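A closer look at the structure
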Amino acid sequence: MDIYSDIKYIKGVGPIMAETLNKCGIFNVLDLLLYFPRNYENVSAVKNIMDCEDNQKIIVECTVLNILKDQRLKNNKTLSTILFCQGENKFKGKWFNQTYAKNSFKNSNSYIITGKVNNFKGEITMMNPKIVKNTSMDTNKIIATYPLKNNVTNNFFNKIISDVLCNIEITENLPKWLLDKYRFCSLDEAIRSIHSPKSLELLNSAKKRLKFQELFTYSLKILMLKEFIKTNNDGIKFKIAPELTTLKERLPFNLTKAQSKVVREILIDQKKDKGMNRLLQGDVGSGKTIVAIITMFNVVKNGYQAAMMAPTEILANQHYEEIQNVLKDFPLTIKLLTGSTTPKNKELIKQELKNGTIDVIIGTHALIEDNVQFKNLGMIVTDEQHRFGVSQRNRFSNKGKNIDILVMTATPIPRTLSLYLYGDLDVSIIDELPPGRQNIDTSYESMTSSRHVYEFALSEINKGRQVYIVCPLVEENEEMKLSSVQVLYEKLKGEYFNSTEIAMVYGKMPSKQKNEIMDKFKTGEIKALICTTVIEVGVNVPNATVMIIENSERFGLAQLHQLRGRVGRGEHKSYCILLANITNKIVRKRLEIMIKSNDGFFIAEEDLKTRGAGELFGFKQHGESGLIIADVIEDINILKLANSEAKELIKSNNIEDIKVKNEITEKIQQSSNYICFN
Ligand code: ADP
Ligand code: MG
């Protein structure tokens, strides 16, 4: 067995279980070993059962005294009981609705069992005891619990991992000087301890080493990409088209200072014979789209094609309308390609992209399908980049040669962090909103007082305005008592909004229907939109002045800020009302932050403090960034250290270091593109 062996050959796995594990992303031994536990359970080995505490998880050696008859209980459950003894002391093992469980036990035999105990005034009961094989009673145990699904049990998972660990040795991959310098344990030890730690100390030292490992490799990748880009990055040397002056004169508004600055930065990149790799950050509503339009226009006037990809059809449609409007005085061919483009039209567009008839294409994921080819693509723009996976972005940039790349995001990344995370990208920031924007009046209310919030919404509608109501769920869910689009729609339709035109929108709806509703909302025919976060990114309806967010405690602050940015886009005073189940201080504190600030950067920093970066950046997605155990926020100090050591390694000419570098270079080249955003 080696780390690349297929898991179906592991003892006890077999083809059916293999398929189930595949669904968890586990295909070979390496995947299995990198499937790290979510948590650990302390199991105490108790010598005397009378010493155990209520609710403690224990492991104990005992003998079966008596297997009692099953009992049928009133609530239709069946209770099975075994009476165990440990020396003089007796205790009961109980199972509900698992009549087969007792079959593993025989009278008078001894077993080592584990389970949680209730200690009720000295009367001890273990719930759902399980037999533990191949174990000894000499130490307490730390048992890993894994994030499993599809009926894979934790016991089974622990067992196959321990089998694998018996049959494999893992080769070291950090240079010796690093191991010595930080007294890291070996990779082999670290992997063993992360899965079955012999002690808390060993677990902690495994975590420390693995976190460093991830962040070190990550930093090396970023730094080497930067090198690679410097030396292998031929670009197209665009000129500044004379028509740009005319375009700027004819824009529907004056650019803000920040917008002009960013346009300049991009044009400077375009003039170079190096390719552009630029990240444009700008708060919601700061006007990133126009920057993309102006710079794409320059590329087109140089005789090249430009493409812009958005994460949703609604957004692609909106960009398409804006670009047509802004460039209406110029004879360009601009088209839209999305999932709901008819097959006939799609074919035509593909031909026109290939033969160069189309100058600018706006679209969704449809743009990165294999058979979409360009004649001479010069620039691509990815809007709301965090909504796309790395591979999608890579496929997009592989549509052309030496193209300039602009990615845009409204998710502000704190500066300290972006240096480490986006080392391979140049960053532009729009830190100013267009003039005349009003402050959005933000408040929060308990979910229980939603009544007068809807009444307020109605009064705004009666003044001619429009309203968004965002829910965390689409359908009702028994387990999670949260607002859902469908239930709320029915409720509002039947009550407050019975004589108002309202509609619902959510992601899984057919695109055609979704687009129709969005169009009607834009024209003002629909007054209130009950929706999920599909409307989170970019949607622009200036007449909408009220944003109500249901169960807002379920959303990240950065996301709430994005949602709030959907209103306050026109001349009328706008409101954002956060309905929440205020169950604790943290919820209240987070809501207060939203009220206090309208600055996306500040909110993002606060958001990070209260919940970690994982979700915000999609970092924890296995395989995207390679970070499984490290958290860029929590572990920022390790990140800094790893970054500086990575720089040392790159400079080094020591043979061992060169070997490490070569391995990583190989990995970078395997992925078809050298762009690494996460
Ligand atoms: P975002 O950065 O969130 O993508 P958009 O590009 O959608 O923002 O711009 C938001 C709105 O502001 C649009 O209606 C756009 O036309 C308008 N806008 C952009 N720049 C300016 C400006 N300099 N002055 C006035 N309005 C502007
Ligand atoms: Mg936008």
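Just so it is clear, the structure is predicted and the values come from calculations on it, not from any experiment. Sequence order sets the numbering: in each chain, residues are counted from 1 along the sequence as written. Written order determines the labels here, with chains lettered from A and ligands numbered from 1. Only residues with pLDDT of at least 70 get local features here, since the model is predicted, and only at 80 or more are side-chain atom pairs given and counted; chain-wide, interface and lining totals rely on the full set of residues. Heavy atoms throughout the structure, all of them, feed into the side-chain values; hydrogens and water do not.

Here we come to the packing of aromatic side chains. Note on aromatic pairs: the rings of Phe, Tyr and Trp (six-membered ring only in Trp) are paired at centre separations within 6.5 Å, and the planes decide the class, stacked below 30 degrees, edge-to-face beyond 60, tilted for the rest. Summed over all chains, the structure comprises 15 aromatic pairs. By way of ring pairs, the aromatic residues Phe 84, Phe 91, Trp 95, Phe 105 and Tyr 111 are connected into one cluster. Here, over-ring charges are defined by two tests on the NZ atom of lysine or the CZ atom of arginine: distance to the ring centre within 6 Å, and angle to the ring normal within 35 degrees. One cation-aromatic arrangement involves Lys 573 over Tyr 575; the distance from NZ or CZ to the ring centre is 5.8 Å.

This brings us to the side chain of Arg 278. Locating Arg 278 in the fold gives a position in strand 9 (residues 277-282). Contacts described as polar in this section are N or O atom pairs within 3.5 Å, which, within protein, must combine one atom able to donate a hydrogen with one able to accept it, while residues neighboring in sequence count only if both atoms come from side chains. There is a polar contact of 2.7 Å between the side chain of Arg 278 and the side chain of Asp 269. Secondary structure is summarised from DSSP: a helix means a run of H or I of at least four residues, a strand means a run of E of at least two, and numbering begins at the N terminus for each.

Nine residue types can take part in a nonpolar core, namely buried Ala, Val, Leu, Ile, Met, Phe, Trp, Tyr and Cys, and a core is a set of them joined through side-chain atoms within 4.5 Å. Relative accessibility thresholds used throughout: buried, under 20% of the residue-type maximum; exposed, over 50%; partly exposed, between the two (1.4 Å probe, protein chains only). Counting residues in hydrophobic clusters, the biggest one holds 58 residues, and the most contacted among them are Tyr 468, Leu 529 and Ile 535. The greatest single-element share of this core, amounting to six residues, is contributed by strand 21 (residues 575-580). Excluding its chain neighbours within four sequence positions, the residues that come into contact with Leu 529 are Val 467, Tyr 468, Ile 469, Ala 503, Val 505, Ile 517, Met 518, Phe 521 and Ile 535. Grouped together as the second largest cluster of nonpolar side chains are 42 residues, Ile 294, Val 299, Ala 310 and Leu 336 included. Pairs of residues are marked as contacts when any of their non-hydrogen atoms sit within 4.5 Å.

Each residue carries a pLDDT score, the predictor's own confidence in it, on a scale running from 0 to 100. Predicted confidence across the chain gives a mean pLDDT of 86, with 90% of residues reaching 70 or more. Between residues 612-624, whose pLDDT stays under 50, and residues either more than four places distant or in other chains, the model counts 33 contacts.

At least two DSSP bridges between two strands are required for those strands to pair. Bridge count for strand 2 (residues 57-67) against strand 6 (residues 110-120) is seven bridges, and the pairing is antiparallel. Directly across from Glu 61, in strand 6, lies its bridge partner Ile 112. By the bridge criterion, seven bridges tie strand 6 to strand 7 (residues 123-131) in an arrangement that is antiparallel. Its bridge partner being in strand 7, Asn 119 is matched across the sheet by Ile 124. Connecting the antiparallel pair strand 6 and strand 7 is a turn made up of two residues, with Lys 121 showing a positive phi of about 45 degrees.

As for its position among the elements, Lys 102 is in the loop between strand 5 (89-96) and strand 6. Classification of Lys 102 as buried rests on a relative accessible area of 16%. Polar side-chain contacts of Lys 102 include one of 3.1 Å to the side chain of Asp 70. Excluding residues within four positions of it along the chain, Lys 102 makes contact with Ile 67, Asp 70, Ser 80 and Ile 82.

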